[in-house]
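Listed below are the residues making up each chain.
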Amino acid sequence: MTAPAPAAPARTGPAAVICGIGSYLPPDVVTNDDLVARLDTSDEWIRTRTGIATRHVVSPGTATSELAVEAGRRALESAGVDRPDALVLATTTPDRLCPATAPEVAARLGLTGIAAFDVSAVCTGFLYGLATAEGLIAAGLAERVLLIAADAFTTIIDPLDRGTSVIFADAAGAVMLRAGTYDEPGAVGRTVLGSDGTLSDLIEVPGGGSRQRSSGVAAAPDDGWFRMRGRETYRHAVNRMASASRQAAAAARWRTESDVDRLAAHQANARILRSVAEELGITAARQLSNIEHVGNTGAASIPVLLAQSVSEGALLPGHRVLLTAFGGGLAWGATTVVWPDVKPG
Ligand code: ACO
């Protein structure tokens, strides 16, 4: 007989409550036909295998920090906050390998002096960032934290790799979190996080890090590009998001089949999203999706989805929302929130 799971430790300290949200998509749009012009692919393949029709990409010279500043500014405005105590930036594509990008983003937002650092968890970055921000608040180290998730993903995509070029895109999303109580709308539920580094090779940029530099062998030109073993990644994505979601929902005492009003899953691939929802017994009408016109925007995916869904009236105050993500690391996570009455800035 399986022993019952140990009870989760009681939560102490103030809760982290979402009180503002913002997102930013760079203006340049790439259609499937634009990709067909340079790759051996088709609009039909991309639509049926990924669910993507168009995506936003950065123009030459635009870095992650520019996207992050725009989304961060909008979240501050949405919350009516001038000066948070900390800024956490979740990103896969920092402006430079060193230093972290967050201090520069903070400076450009007029926030020089506050705590600012990056979190690196690829497509699960927003959920890892949420847990980090919550930790700062629960420990009494900050009352208000600006969490930004931003990726200029196309800057690491090999333009000749049809397996990744058709999926990835660029965006930033942000939420403001303040100290509050666990029973109020916007309070972040118990966040479930996990990783499996034995599968770190499934999703990687092999060159440029200390592994390659310490080898004494110069990086091959292609080693700076992002690589993903798509088919294998796919299977893990569905299993991990579904199981993390079940754990997060159980901690909130929600049944996924009947108590979840909206599923906000990392927009990796429309087929993955459908499979995760089916596993959880969540109908298509309760699944938020913007992948058709946004693509897979890495860490930014979930906050951009939330902000757009609020703007379009698909996500309303009081909705019980289940959030889940999966990506390189491998890393995954899930959490819950009763949606607060916030308008994107
Ligand atoms: N156009 C046409 N054909 C293509 C394309 C393309 N753009 N890309 C691949 N193909 C071909 C392949 O070469 C293969 O051909 P073959 O059978 O002759 O070898 C065939 O299509 C099927 O390839 P698969 O890789 O099995 O295609 P699949 O249906 O799995 O779709 C995709 C590929 C979209 C990458 C999918 O596997 C996927 O979405 N994987 C998971 C992505 C994910 O969740 N990543 C984690 C989060 S993101 C992150 O962390 C950064």
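Further up the page is the structure itself.
Presented here is a report on the structure given in the accompanying data block. Note that the structure is a prediction, hence the values are computed from the model and not measured. (Residues numbered from 1 in each chain as written. Predicted model: local features only at pLDDT ≥ 70, side-chain atom pairs only at ≥ 80, totals over all residues. Heavy atoms only, no water.)

1. Some words on the site of the ligand
- Taken together, 30 residues form the shell around the ligand, and within it Thr 41, Arg 49, Arg 231, Asn 269 and Arg 271 come nearest.
- One nitrogen or oxygen atom from the side chain of Arg 49 is found 2.6 Å from an oxygen atom belonging to the ligand.
- Taking 1000 Å² as the accessible area of the ligand by itself, protein coverage stands at 78%.
- Those elements giving two or more residues to the shell around the ligand turn out to be helix H2 (43-50), helix H6 (162-165), helix H8 (230-251), helix H9 (270-280) and strand S12 (320-327).
- Residue classes in the shell around the ligand are distributed as 15 nonpolar, ten polar and five charged.
- When we break the shell around the ligand down by domain, the ones giving at least three residues each are domain 1 (15-180) and domain 2 (192-338). (Near = heavy atom within 4 Å. Polar contact = N/O pair within 3.5 Å; in protein donor to acceptor, adjacent residues only side chain to side chain. Areas by Shrake-Rupley, 256 points an atom, 1.4 Å probe, with all protein chains shown as cover. Helix = DSSP H or I, 4+ residues; strand = E, 2+ residues; numbered from the N terminus. Nonpolar A, V, L, I, M, F, W, Y, C, P; charged D, E, K, R; others polar. Domains from an automatic or database assignment.)

2. Quick notes on the side chain of Ser 65
- Along the polypeptide, Ser 65 turns up in helix H3 (residues 64-79).
- Classification of Ser 65 by relative accessible area gives buried; the value is 0%.
- Within the local environment of Ser 65, its side chain forms a polar contact with the side chain of Asp 95, the two groups lying 2.5 Å apart.
- Contact partners of Ser 65, with chain neighbours within four places excluded, come to Asp 95, Thr 101, Val 105 and Arg 108. (Buried < 20%, exposed > 50% of the residue type's maximum accessible area, 1.4 Å probe, protein only. Contact = heavy atoms within 4.5 Å.)

3. Topic: the packing of H8 against H9
- At their nearest, the axes of H8 and H9 sit 9 Å apart, and the two run at 40 degrees to each other. Regarding H8 and H9, the two cross each other, and that crossing is right-handed. Residue-level contacts link Tyr 234, Ala 237, Val 238, Met 241, Ala 242, Ser 245 and Arg 246 of H8 to Arg 271, Ile 272, Ser 275, Val 276, Glu 279 and Leu 280 of H9.
- For the contact of H8 with H9, the per-class residue count stands at eight nonpolar, two polar and three charged. (Axes fitted to C-alpha atoms, helices over the stretch in contact; angles between N-to-C directions. Left-handed = near helix turned anticlockwise from the far one by under 90°.)

4. Details of the nonpolar core
- By size, the foremost hydrophobic cluster in this structure holds 41 residues, and its most contacted members are Phe 226, Leu 263, Ile 272, Val 276, Leu 280, Ile 282 and Leu 322.
- Counting only elements with at least two residues in this core, the list comes to H8, strand S11 (262-265), H9, S12 and strand S13 (331-338).
- Counting residues per element, this core draws most heavily on H8, at seven residues.
- The residues that make up this core include at least three from each of domain 1 (15-180) and domain 2 (192-338).
- Ignoring sequence-local partners within four residues, the contact set of Ile 282 consists of Thr 256, Val 260, Leu 263, Ala 277 and Leu 322.
- Residues Val 119, Leu 147, Val 175 and Val 321 belong to the second largest nonpolar core, which totals 35 residues. (Core = buried A, V, L, I, M, F, W, Y, C linked by side-chain atoms within 4.5 Å.)

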